[in-house]
Amino acid sequence: MIVRKLWSCCICNHWPDRDETSSNTASDTKTRSLKTGNGLIDWIRLGNSGVDLTGVGGRVRLIYLSELRRHNTKDDAWIAIRGRVYNITHYMHYHPGGTEELMRGAGKDATELFDKIHPWINYDSLLFKCFVGPLRIDSPDNDIFFDANDSFPESDLLIPSYIAQERVIIRNQLTNYTTPPRKKRPILSEDFLEEPNSTSLELEELSLPGYLGTLKDIRKERYAEDVPPALFYDWEQTVRQLTIIVYTGPLSNPGCYSQLSERCFIIDVTINGWTRKIRLVPEETLREPIHTSVCIYSGKIEITVQKADSKLWKRCGEVTIGTATKIPSWHTMRFKVLSNSMLTHDTKLISMSPQSGSIVFPLGHHVRIHQAIAGSEYVRAYTPMEDYWAAGSSADAAAQLHLAVKRYDNGILSPMLTSLNTGDIVKVSCFYGTFQLHKLKSTKTIYLLAAGSGITPMLNLIQFMLSRPNPLCEYVHLLFFNKTKKDIMFLANLDELAKLDDRFKVYHILSNDNATLTGHKGRISAKLLIDIFGKKLINCNENFACICGPKEFTQSSLNILKSLGMEDTLIHAFIG
């Protein structure tokens, strides 16, 4: 039944039409009926009454799976959705789908169940005052990177990427359960298109070949609410290859996935969480392999595919470009493992490629690995790395995705991932994240603070900064925190790069090793940063800082940087 499917969910805040409910059986109607005093307005009143709906005094803290599983009864029920844990005990009698439906997610990570039914629901507004804390899968020894005695209020910069990308947090009160409008923001740098002059005004209303819209549309869309920039496309050929060229704008940081589907060539271009599908019905037959490259400075994407017959075509074929749509958070692709090699004593470098097609990832964005274990699906976020960082290992040169996976013996997903064999199939999500590359437009000096496996999003930033043509990068400072020397990932690559380019400075800071590599040891602190940099960290539009590591390390680093004078707008915290 339509209504049964609509309500087979964990969180629901809408009501079916009267005609739909009237056609159901008496038992179905009884399941969905709410007692007087348990309506939507009553739930809002309860939330504003001062009652502690969290059950833990409203103190936010990390919640591990072992603790989540213990809260699985009607009198004590917690649920996790997209990395956030809520106490739904009080909400039981207010849920239109009934208590039994809500209990399907009690004591579990119910993200997949929620996404299958109605992922558009603003569950965080509905359950904001029931929020217990963020969900953690593994239990790394985080306190080695920061002072465990530090206590700082949590910053908005620490919102997990997949949450920050999909919604705006409502902090003070329950709303009418609609997602608030996003703030207007330019997506591209100001030099994407120069303002028209007297000689170019006549081009305003002209559509160009291979171009979605007019120049006027581009300028308008560029400042529209939360939409990606428009696309240009072009094509070229040799007797053996066809190349599709897509222009997305400087520092737009695009991702791209292309594949052959029957007689069609499909290209999905992703910018800032939005995707546009380019569909080509070619003049002649195409075949794999497909190769994709991106010039990150200009936003130019080149996708090269092979012709089945060696000949020149008179035309490219029929091209259609779809409208921009949000990437579904539950969308996954199947990747084949090509190699799984040792990176450090407890970390593996896993290289893989999609089973078909070709993919490139936006800089500073993440993917999620989905894996079914004992009948449940578990998810963990990782940041892809470019080929340069895998070159010194036994990684397969043909791989399009490189992940550094640290093994935690008491973890759920990492032991399985580090034991993958060549040829195994892994489900990988679409890329996601909130990092905006155009923020580095004026940056000449960047400070990278990384702890443990938090080095992975920094690696591609290092390459970007050192190779950018304009403005010239002056310094890239990397502070890399680890327990001991044997824990340092990519040690040889980092030291080699520091020798080749004197603008790159790496500081290896160890907490549990008597030996030091750069004369510094210990944990992140304001004194340590002042000892290394002096007062150069003070607010400057030509400086920028990025942080990645365990959440406690990230929180401490963020507050230390702010105490030294850096503004939020000049800091990015990577949160998976």
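Residues numbered from 1 in each chain as written. Predicted model: local features only at pLDDT ≥ 70, side-chain atom pairs only at ≥ 80, totals over all residues. Heavy atoms only, no water.

1. Re the overall build of the chain
At step 1: For the chain, the helix and strand inventory stands at 16 helices and 26 strands.
At step 2: Looking at the chain as a whole, 53% of its 576 residues qualify as buried.
At step 3: Per element, the accessible surface of the chain, about 26,200 Å² overall, is 51% carbon and sulfur. (Helix = DSSP H or I, 4+ residues; strand = E, 2+ residues; numbered from the N terminus. Buried < 20%, exposed > 50% of the residue type's maximum accessible area, 1.4 Å probe, protein only. Areas by Shrake-Rupley, 256 points an atom, 1.4 Å probe, with all protein chains shown as cover.)

2. Topic: the packing of aromatic side chains
At step 1: Scanning the model with the defined rule gives 11 aromatic pairs in all.
At step 2: Taking 5.8 Å as the distance between ring centres and 55° as the angle between the ring planes, the aromatic pair formed by tyrosine 86 and phenylalanine 131 counts as tilted. Of this pair, tyrosine 86 sits in strand β4 (residues 84–87) while phenylalanine 131 sits in strand β5 (residues 131–136); the two residues are 45 residues apart in sequence, bridging distant segments of the chain.
At step 3: Here phenylalanine 435 and phenylalanine 574 contribute two aromatic rings whose centre-to-centre distance is 5.5 Å and whose plane-to-plane angle is 35°, an arrangement assigned as tilted. In this pair, phenylalanine 435 sits in the loop between β21 (425–429) and β22 (445–451) while phenylalanine 574 sits in the segment after β26 (571–573), placing the two residues 139 residues apart along the sequence.
At step 4: Relative accessible area serves as the criterion here: at 2%, phenylalanine 574 is assigned to the buried category.
At step 5: A connected cluster of aromatic rings, assembled from ring pairs, spans Trp43, Tyr91 and Tyr94.
At step 6: Looking at arginine 368, its charged tip hangs above the ring of tyrosine 432, at a distance of 4.3 Å from the centre. (Phe/Tyr/Trp six-rings, centres within 6.5 Å; stacked < 30°, edge-to-face > 60°. Lys NZ or Arg CZ within 6 Å of the ring centre and 35° of its normal.)

3. A short note on the sheet that holds β22
At step 1: Ordered in space as β24-β23-β22-β25-β26, the five strands form an open sheet in which the pairing is parallel. Of all the strands in the sheet, just β24 (504–510) and β26 have a single pairing partner and so form its edges. Ignoring which end each strand starts from, the neighbouring axes of this sheet average 15° apart.
At step 2: In terms of strand pairing, β22 meets strand β25 (residues 543–548) through six bridges, oriented parallel. In the sheet register, leucine 449 faces β25, and the bridge partner there is isoleucine 547.
At step 3: Along the sheet, helix α14 (residues 491–500) makes contact with β23 (475–482) and β24, crossing β24 at roughly 140°. (Pairing = 2+ DSSP bridges. Axes fitted to C-alpha atoms, helices over the stretch in contact; angles between N-to-C directions. Contact = heavy atoms within 4.5 Å.)

4. Describing the pattern of salt bridges
At step 1: For the structure on display, the rule yields 13 salt bridges.
At step 2: The salt bridge involving lysine 300 is made with glutamate 302; its shortest N-O contact spans 3.1 Å.
At step 3: Residue glutamate 302 is classed as partly exposed on the basis of its relative accessible area of 26%.
At step 4: Arginine 503 serves as the salt-bridge partner of aspartate 501, at 2.8 Å between the closest nitrogen and oxygen.
At step 5: For aspartate 501, a relative accessible area of 15% translates into the label buried. (Salt bridge = Lys/Arg side-chain N within 4 Å of Asp/Glu carboxyl O.)

5. What about the sheet that holds strand β7 (residues 241–247)?
At step 1: Spatially, β6-β7-β12-β11 is the arrangement adopted by the four strands of the open sheet, whose pairing is antiparallel. Taken across any chain shown, the strands that pair with only one partner, and hence form the sheet edges, are β6 (232–237) and β11 (286–295). Taking each pair of neighbouring strands and ignoring which way they run, the sheet shows an average axis angle of 20°.
At step 2: When β7 meets strand β12 (residues 300–307), the two strands line up antiparallel, connected through seven bridges. Residue isoleucine 244 lies in a different strand from β12, and its bridge partner there is isoleucine 303.

6. Describing unusual backbone geometry
At step 1: Look at the link from glutamate 288 to proline 289: it is a cis peptide, with omega at 10°.
At step 2: With phi around 55°, leucine 251 is a residue other than glycine that occupies positive phi space.
At step 3: Structurally, leucine 251 is set in the loop between β7 and β8 (255–261).
At step 4: One non-glycine residue, asparagine 272, lies in positive phi territory at about 55°.
At step 5: As for its position among the elements, asparagine 272 is in the loop between β9 (264–271) and β10 (274–282).

7. Examining the side chain of serine 358
At step 1: With respect to the helices and strands, serine 358 occurs in strand β17 (residues 358–360).
At step 2: A polar side-chain atom of serine 358 sits 2.9 Å from a polar atom in the side chain of threonine 292.
At step 3: Apart from the residues within four sequence positions on either side, serine 358 is in contact with Cys256, Tyr257, Ser258, Ile290, His291, Thr292 and Gln400. (Polar contact = N/O pair within 3.5 Å; in protein donor to acceptor, adjacent residues only side chain to side chain.)

8. Some remarks on the nonpolar core
At step 1: Core analysis: the biggest nonpolar cluster contains 61 residues, and Ile462 and Leu478 have the highest contact counts within it.
At step 2: Tallying contributions element by element places helix α13 (residues 456–467) first for this core, with seven residues.
At step 3: Contact partners of isoleucine 462, with chain neighbours within four places excluded, come to Trp389, Leu448, Val476, Leu478, Leu494, Leu497 and Phe504.
At step 4: By size, the runner-up hydrophobic cluster in this structure holds 31 residues, among which are Val132, Met352, Val405 and Val428. (Core = buried A, V, L, I, M, F, W, Y, C linked by side-chain atoms within 4.5 Å.)

9. Brief notes about helix α16 (residues 551–563)
At step 1: With 13 residues, α16 extends 18 Å from end C-alpha to end C-alpha; this agrees with the ideal 18 Å at 1.5 Å per step.
At step 2: Contact partners of the buried residues in α16: β22, β23, α15 (526–533), β25 and β26.
At step 3: Looking at the residues trailing α16, positive phi occurs at glycine 565, about 110°. (Expected span 1.5 Å × (residues − 1).)

10. Some thoughts on the environment of glutamate 67
At step 1: Structurally, the position occupied by glutamate 67 is in helix α5 (residues 65–70).
At step 2: Glutamate 67 gets classed as buried once you look at its relative accessible area, which sits at 14%.
At step 3: Spatially, the C-alpha atoms of glutamate 67 and leucine 135 are 9.9 Å apart, while their sequence positions differ by 68 residues.
At step 4: Apart from residues no more than four positions distant in its own chain, glutamate 67 is found in contact with Arg61, Leu62 and Trp78.
At step 5: Side-chain polar atoms of glutamate 67 contact the side chain of arginine 61, separated by 2.7 Å.

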